[in-house]
Amino acid sequence: MNNRNVLFLLSDDVEALDVTGPMTVFDWANRLSVPGRRRPAYRLRTASPGGRSATARGGLVLAAQCALEAEPVPDTVVVPGAPNDRDLVAWLRANASGIRRVVAVYEGVLTLAAAGLLDGCRTAAHWRLAPAVARCFPAVRVDSEPIHAGDGRRWTSAGMTSGIDVALDLVEADHGPDLALEVARQLVVFLRRTHNQEQISSQLRLAAARRGGLRRTLEWIVDHPGEELTVEALAGRAALSPRQFTRAFTAETGLSPGRFVAQVRLQAACRRLVGHPQESLEEVARAVGFSSAEVMRRAFRRAYGVAPSAYRKANRRPAP
C-alpha cells in the first residue's frame, strides 16, 4: 500500500472542522488498513508559515507540527477555510508543480483561487461565497450547487462537513471502495453523499417558507412524494391559482415547484434505496413518485452522476 503524505495548512481564524473532519477520515483509513505494524495509508502533518500555532474560530488552538518552509512538498495538500494568508498563497504558487493534488475545504477555495490553482476548474463554492469567488477570480468556473467537485488533481468542497465527503472520495480513489465504506461506517456517515448533491436540501427550503398555507403544502410534498404533485394539484391544496402558486413557491424556496418535487423525490429515493434493501428498483421508483425504474435511473444520473443500484451498493448498511 502506497504511503501518501497529506499536509494540512494552518493559519489563524481557520475553521477547525475543515481540518479535523478530513484528518479524521484519513486517520481512520490508517487504523483500518494497518492492524499490525504495516505502513500506514497516510502520513498526516500540519504546517504553518514559521511553524506557528493557529487559533481557530471559536478559540481552539491548533499546533503546527512543522514550519511550512521546511516541509518537503507533499503528495496532497488540504487547504481549510480561513482568511487568505499571503504566505500560504505564495507557498502554493511556488510548489504547485510538485503537488499531486490539492483540496480546498469551504473558504479554502479563496486561497487556492488566489494562488491560481483553480483557473479553468469547475469549483464547488459555498452558496454564500460563490458570487465573490466568481467576481474576484473570473478564470474559475464557479458552481454553487454541488457539495463538492473534483477533477482528480483539484478538489473543492462547498461546506465544512463536505470536506469529509471529499476525504472519503480520496480514500476510495487511493485504496478502493471497501476501505472508504468502512471508514464511513466508523464515522456513522452511513449515507455517503455524491458530489452532485445539492447544498440546500428540500428540508432546508421547507424551513425557509414563511407563508402558512405554502409551508403546509411543502410539508405535504415532502411527506407524500408518491402522490400526484402537479402544479394544479398543489395550487389547489394551497388555495391559490396555479400562477399565484408558482410565483409564491419560487419566491419562498428559490426553486420552481417542478424542480422542488424532483429534488424531494430523489432524496426520498436515496433514503428508500438504503432503508428498504429488499425492495426492487421498480418498487422504490413507484413508491417515491417516479413512473418507472428507468425514469428514476435517468434522474439519478443527471443529479448525482451514479445509477440507483450503484448508490444502494455504496451505501449498504452493515449486517447486524
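Structural data are supplied above this passage.
Residues numbered from 1 in each chain as written. Predicted model: local features only at pLDDT ≥ 70, side-chain atom pairs only at ≥ 80, totals over all residues. Heavy atoms only, no water.

### Looking at the pairing of strand 11 (residues 154-157)
- Of the two faces of strand 11, the one holding Arg154 and Thr156 and the one holding Trp155 and Ser157 are both buried throughout.
- Here four bridges tie strand 7 (residues 101-105) to strand 11, and the two strands are oriented parallel to one another. When the bridges of strand 11 are listed, Val102 appears paired with Arg154.
- Both strand 10 (residues 148-150) and strand 11 contribute to a ladder of three bridges, which runs antiparallel. Pairing of Gly150 across the sheet is with Trp155, part of strand 11. (Buried < 20%, exposed > 50% of the residue type's maximum accessible area, 1.4 Å probe, protein only. Helix = DSSP H or I, 4+ residues; strand = E, 2+ residues; numbered from the N terminus. Pairing = 2+ DSSP bridges.)

### Section: the pairing of strand 1 (residues 4-9)
- Summarising burial for strand 1: five of the six residues are buried, a large majority.
- Inspection of the sheet shows strand 1 paired to strand 2 (residues 42-48) by six bridges, in the parallel sense. Each residue of the ladder has a partner; that of Phe8, found in strand 2, is Thr46.
- Bridge count for strand 1 against strand 6 (residues 76-79) is three bridges, and the pairing is parallel. The residue of strand 6 that forms the bridge with Val6 is Thr76.

### What to know about the side chain of Asn95
- Among the secondary structure elements, Asn95 is positioned in helix 2 (residues 86-95).
- Residue classification places Asn95 among the buried positions, given a relative accessible area of 18%.
- A polar side-chain atom of Asn95 sits 2.8 Å from the main-chain carbonyl oxygen of Trp91. (Polar contact = N/O pair within 3.5 Å; in protein donor to acceptor, adjacent residues only side chain to side chain.)

### Let's talk about the packing of aromatic side chains
- Following the criterion strictly, the structure yields five aromatic pairs and no others.
- Measuring from ring centre to ring centre gives 6.5 Å for Phe8 and Phe26, while their planes differ by 65 degrees; the resulting arrangement is edge-to-face. Taken together, the positions of Phe8 in strand 1 and Phe26 in helix 1 (residues 16-33) put the pair 18 residues apart, joining distant regions of the chain.
- A relative accessible area of 0% means that Phe8 is categorised as buried.
- Taking 4.8 Å as the distance between ring centres and 55 degrees as the angle between the ring planes, the aromatic pair formed by Phe26 and Tyr42 counts as tilted. Linking Phe26 in helix 1 with Tyr42 in strand 2, this pair joins segments that are 16 residues apart in sequence.
- The buried category is assigned to Phe26, whose relative accessible area is 1%.
- Among the aromatic side chains, those forming a connected cluster through ring pairs are Phe8, Phe26 and Tyr42.
- Over the ring of Trp220 we find Arg237, and its NZ or CZ is 3.8 Å from the ring centre. (Phe/Tyr/Trp six-rings, centres within 6.5 Å; stacked < 30°, edge-to-face > 60°. Lys NZ or Arg CZ within 6 Å of the ring centre and 35° of its normal.)

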